[in-house]
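# Structural overview
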Amino acid sequence: VLDKKGNYYGLISSRCLVDSSKKKVILVDNVAVAYNNAELCIGETDQLSFSVTPADATVKDVEWSVTPSDVASVDANGVLTALKAGNATVRAAAKDASGKFAEFQIIVYNVVEDMELTGNAEMKVGDSQMLKLNVKTENTKESFTWTSSDVTVATVNNGVVTAVKAGSATITVTTEDGGHTATCT
């Protein structure tokens, strides 16, 4: 009972306070990862991204990891860096208590360090030959660009040289990254 002065009289009872401002924890039910390239050369990077559902999940962040960690690394911002040749699994795990994650496989290749181009230096007009490209670095995934110093004398298409007219031309093969070349005259 409350009197006119604001004093309570009567029985004392216990009560439980409920804070209705606390929200229900909503766990992640799915993690999805997006990447640009699952095949990288040592030193290359890829920007990863992720999404979680439901959209109203309480914690919407992931923890990135790579196994084995000596093949590649990934930072907290999702930047994946290729470290050494091999296969690895990249994982994005929800930071809540849901246990949900997404993962994908990557392959890391060596960068071409040495290569040699050989073929018959003398050709008759109209003849074609396939030049031999010897890449001396193992476990590479490199694309090459072929060029001729004088396309009126000799043309080249993916290593096949065709003599167009008498003269001299240098055939050059260059790694996709431009880091290494080999020539044949």
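Look a little higher up for the structure.
Residues numbered from 1 in each chain as written. Predicted model: local features only at pLDDT ≥ 70, side-chain atom pairs only at ≥ 80, totals over all residues. Heavy atoms only, no water.

### A short note on the side chain of Asp-96
Relative to the helices and strands, Asp-96 resides in the loop between strand E8 (86-94) and strand E9 (101-109). A distance of 2.6 Å separates the side chain of Asp-96 from the side chain of Ser-98, its partner in a polar contact. Discounting chain neighbours no more than four positions away, the residues touching Asp-96 are Ile-26, Leu-27, Val-28 and Val-59. (Helix = DSSP H or I, 4+ residues; strand = E, 2+ residues; numbered from the N terminus. Polar contact = N/O pair within 3.5 Å; in protein donor to acceptor, adjacent residues only side chain to side chain. Contact = heavy atoms within 4.5 Å.)

### Digging into the nonpolar core
Within the largest apolar cluster, 22 residues are counted, with the highest numbers of intra-cluster contacts made by Val-31, Leu-48, Trp-64, Val-66, Leu-80, Val-90 and Ile-106. Listed by contribution, the elements that provide at least two residues to this core are strand E5 (62-67), strand E6 (72-74), strand E7 (79-82), E8 and E9. Setting aside anything within four residues of it in sequence, one finds Trp-64 in contact with Val-33, Leu-48, Ser-49, Phe-50, Val-74, Asp-75, Ala-76, Gly-78, Val-90, Arg-91 and Ala-92. Counting residues in hydrophobic clusters, the runner-up holds 14 residues, among them Ala-154, Val-161, Val-173 and Cys-184. (Core = buried A, V, L, I, M, F, W, Y, C linked by side-chain atoms within 4.5 Å. Buried < 20%, exposed > 50% of the residue type's maximum accessible area, 1.4 Å probe, protein only.)

### What to know about unusual backbone geometry
A cis geometry characterises the amide bond from Thr-53 onward to Pro-54, with omega recorded as 5°. Turning to its location among the elements, Pro-54 is positioned in the loop between strand E4 (49-53) and E5. Put simply, Thr-67 and Pro-68 share a cis peptide bond, and its omega is -5°. Residue placement: Pro-68 occurs in the loop between E5 and E6. Its identity as a non-glycine residue notwithstanding, Asn-158 has a phi of 50°, on the positive side. Along the chain, Asn-158 falls in the loop between strand E14 (154-157) and strand E15 (160-163). On the basis of relative accessible area, Asn-158 is assigned to the exposed category, the value being 56%.

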